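Working through the structure, step by step
Residues per chain, in single letters:
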Amino acid sequence: MLRKKHEFKPDRTDSGTLNKLYITKKQRLSLLKWFLFGLGLLVLSLVQDVIMSRFTILGATTDLVCGGIFLICLLISVDSSAIFALTASVIYYFAGFSPGVHCIILLTALGIFLNILRHNYLKKSFFSVVLCALLGLLAYELLCFFLALFVEQTSLPRIGIACMTCLLTGAVLPILYPIFVSIGKIGGETWKE
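Computed from a predicted structure; not experimentally measured.

We now examine the overall build of the protein. Each helix and strand counted, the protein has 6 helices and 0 strands in total. Reading the protein from its N terminus to its C terminus gives the helix and strand order α-α-α-α-α-α. By the burial criterion, 35% of the 193 residues in the protein qualify as buried. Counting only contacts in the protein whose residues sit at least 6 apart along the sequence, the fraction spanning at least 24 positions is 69%. When the accessible surface of the protein is totalled, it reaches about 12,300 Å², and 69% of it is carbon and sulfur.

If you want it as structure tokens, here you go:
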């Protein structure tokens, strides 16, 4: 039998719309990982501004978003941490949570420096990541304090509040560490040591 030229052809059945995007499974998992990291920082900023800002200990409160940014930077590769720290600090500034525009430079530079330090000189462990994040928080809080002191927005006796903020945030880091480590394992292990 000869077929007619204009014979009816049924539509093709595709298995879903994701196949049309040409995204591999590894790319989907990578997008999920970055989405969850962003969602984690959003939750930290909400907890910081809604709950933790109401409680002070000796005039200080936590700085959860900065602690989260440092933890995530230390758990991913150096090149990814540079992009992440810059993006997260810009969003942190424009969201209105940061103390000033200087947080973009400080969070990015400290995040990259600590990641290089941790990857080159320290082994992969809970203690090394939390210690580096705590050092980053201390440096960030003190640099923010001295910048505020330079522009006469604060006085020198309030340096204890900056150190107390670092200690209070450092007390939360061990709770955040397993959450961010489990998110970082989505799509494969990032550490190749």
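Take the nonpolar core next. The tendency in soluble globular proteins is for nonpolar side chains to be buried as a group. Counting 38 residues, the largest nonpolar core has Ile 69, Phe 70, Leu 71, Phe 84, Leu 107, Tyr 140 and Phe 180 as its most contacted members. When residues of this core are traced back to their parent elements, those giving at least two are helix H1 (25-50), helix H2 (64-75), helix H3 (78-94), helix H4 (102-121), helix H5 (126-150) and helix H6 (159-184). A total of 10 residues in this core trace back to one element, the largest contributor, which is H2. The residues contacting Tyr 140, other than those within four sequence positions of it, are Asp 63, Cys 66, Phe 70, Tyr 92, Pro 99, Cys 103, Leu 106, Leu 107 and Leu 110.

What follows covers the packing of aromatic side chains. The geometry of two aromatic rings is summed up by the distance between their centres and the angle between their planes. Applying the stated rule across the entire model yields 7 aromatic pairs. Both rings, one in Phe 37 and one in Phe 180, keep their centres 6.1 Å apart while their planes meet at 55 degrees; by these two values the pair is tilted. Of the two residues, Phe 37 sits in helix H1 while Phe 180 sits in helix H6, which places them 143 residues apart along the sequence. By way of ring pairs, the aromatic residues Trp 34, Phe 37, Phe 84 and Phe 180 are connected into one cluster.

This part takes up the state of the cysteines. On inspection of all chains with the given rule, the structure shows 0 disulfides. Not part of a disulfide, Cys 66 finds its nearest cysteine sulfur in Cys 103, a span of 7.0 Å. Look at Cys 66 and you get buried, because its relative accessible area is 0%.

Rules behind the numbers
Residues numbered from 1 in each chain as written. Predicted model: local features only at pLDDT ≥ 70, side-chain atom pairs only at ≥ 80, totals over all residues. Heavy atoms only, no water. Helix = DSSP H or I, 4+ residues; strand = E, 2+ residues; numbered from the N terminus. Buried < 20%, exposed > 50% of the residue type's maximum accessible area, 1.4 Å probe, protein only. Contact = heavy atoms within 4.5 Å. Areas by Shrake-Rupley, 256 points an atom, 1.4 Å probe, with all protein chains shown as cover. Core = buried A, V, L, I, M, F, W, Y, C linked by side-chain atoms within 4.5 Å. Phe/Tyr/Trp six-rings, centres within 6.5 Å; stacked < 30°, edge-to-face > 60°. Disulfide = S-S within 2.5 Å.

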